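So the chains spell out like this:
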Amino acid sequence: RLRVLCLHSFRTNAKILETQLMLRGWLKRLRDSVEFVYLDAPYACSTEEALRQDAAIREYFPTESYGKYREWWNASASGEYARLEATLKHVDDFIVSNGPFDGLLGFSQGAALACSLANLAARGDFPHRFGFVVALSPPPPRDPRLKLLDGARVPTKALFCVHERDLVVPAAATERLYQKFSNGTLVKCPGSDHAPPKFSGDSLPLVAAFFAEVLQAPPLPPPPPLSRQSSASSPKSPKRSLNIAGASHYVKGKNGGLVREGADLSSAEVALLPTLQPVRVVEHRALPTRPDGRPGVERCRIVEPVRGWVSRRCLKSVADLTSEEPSVVVSGGPGPPAL
């Protein structure tokens, strides 16, 4: 299945976006082919800011049931986005710990962020690569650091969906952003509400065809090296940040660590963990001596972030992270010693 990182709208949150996609039929239609992963924006709105949210949102998605409203940035009159760098670092950290992701999906402000991330990644200014982006009613980003104001076009495959009479983000505004993508599809849906479009009616064949295409696309190549950039022209590339809370080891192998269901090397593969992925080991086991007399390989059973067995040679204690990886900022504390 495709793994898609989902980014919510201005002053809502991840739980609200999941509910919106469920009510609009996206989850039911795509549940067999797409795993949706939701991320909260780093900034939680104050009570006063939450009260300025649209009355319909406050009625249908009250903070008492859905949690605090959040935002990715807040625009000034000049178009500069407050907290933009914190948002980019927040997304980077999440992808390092929970990725990779095949594509991005966003609604409204989250869709503007998704388009911006696809653009930065294609330029080599964001350390992850995305095969596609799904943008639901996005306004065109105005901050020049997101590099969507020049004449260059974005090559990432993209699907844009907007209501024809959207009262918050006019369809014409979304269409201007769509024209920045050289491989985009635009779907205009009837209606005037500012919400994810329904996965039904005339739009259904176009949306279904888009996901059918990306499912058949070949795997993405590794991301290009980050380009050199000045702090005045674009966001700084932060040090890689890892939260080792609860972990006992991390993946040290340059090719990652292959997790299998059982300790035996012939058991089914579960996942390939990326380099520097924190893990929690709960058991060590040496396999029987090999027929040629060499000692059996040592295997470790892990329970986080997935359950299975991985080679001991791929792992190293989290105590070594700070000294051996100077480009990594370590947060959180290690878990209990491995058994």
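Keep in mind it's a predicted model, so treat the numbers as computed, not measured.

Participant: Honestly, the sheet that holds strand β10 (residues 184–189) in this entry has me stumped. Any pointers?
Facilitator: By way of backbone hydrogen bonds, the strands of a sheet pair with one another, either parallel or antiparallel. Strand order across the open sheet formed by six strands is β2-β1-β7-β8-β9-β10, with parallel pairing between neighbours. Only two strands of the sheet have a single partner each, and these edge strands are β2 (34–39) and β10. Taken over all neighbouring pairs, the strand axes of this sheet differ in orientation by 20 degrees on average, direction set aside. Both strand β1 (residues 2–7) and strand β7 (residues 103–107) contribute to a ladder of four bridges, which runs parallel. When the sheet's bridge partners are listed, Cys6 is paired in β7 with Leu105. Lying over the sheet, helix α1 (residues 14–23) contacts β1, β2, β7 and β8 (132–136), oriented at roughly 150 degrees with respect to β2. Along the sheet face, helix α6 (residues 84–98) touches β1 and β2 and points at about 135 degrees away from the line of β2.

Participant: Please clarify how unusual backbone geometry should be interpreted in this entry.
Facilitator: Of note, the amide linkage connecting Gly99 to Pro100 takes the cis form, showing an omega dihedral of 5 degrees. Note the cis peptide between Glu304 and Pro305, where omega equals 5 degrees. For Pro305, the position within the fold is in the loop between β16 (298–304) and β17 (308–311). One non-glycine residue, Ser108, lies in positive phi territory at about 60 degrees.

Participant: Explain the packing of aromatic side chains here, please?
Facilitator: We describe a pair of aromatic rings using the distance from one ring centre to the other and the angle between the two ring planes. Throughout the structure, instances matching the rule amount to nine aromatic pairs. On the basis of an interplanar angle of 85 degrees and a centroid distance of 5.2 Å, the ring pair of Phe61 and Tyr66 is categorised as edge-to-face. Assessed through its relative accessible area of 21%, Tyr66 is described here as partly exposed. With 5.7 Å between their ring centres and 85 degrees between their planes, Phe210 and Phe211 make a pair best called edge-to-face. Neither residue differs from the other here; Phe210 and Phe211 are each classed as buried. Here the aromatic residues Phe132, Phe210 and Phe211 are joined through ring pairs into a cluster of three or more.

About the criteria used
- Residues numbered from 1 in each chain as written.
- Predicted model: local features only at pLDDT ≥ 70, side-chain atom pairs only at ≥ 80, totals over all residues.
- Heavy atoms only, no water.
- Pairing = 2+ DSSP bridges.
- Helix = DSSP H or I, 4+ residues; strand = E, 2+ residues; numbered from the N terminus.
- Axes fitted to C-alpha atoms, helices over the stretch in contact; angles between N-to-C directions.
- Contact = heavy atoms within 4.5 Å.
- Phe/Tyr/Trp six-rings, centres within 6.5 Å; stacked < 30°, edge-to-face > 60°.
- Buried < 20%, exposed > 50% of the residue type's maximum accessible area, 1.4 Å probe, protein only.

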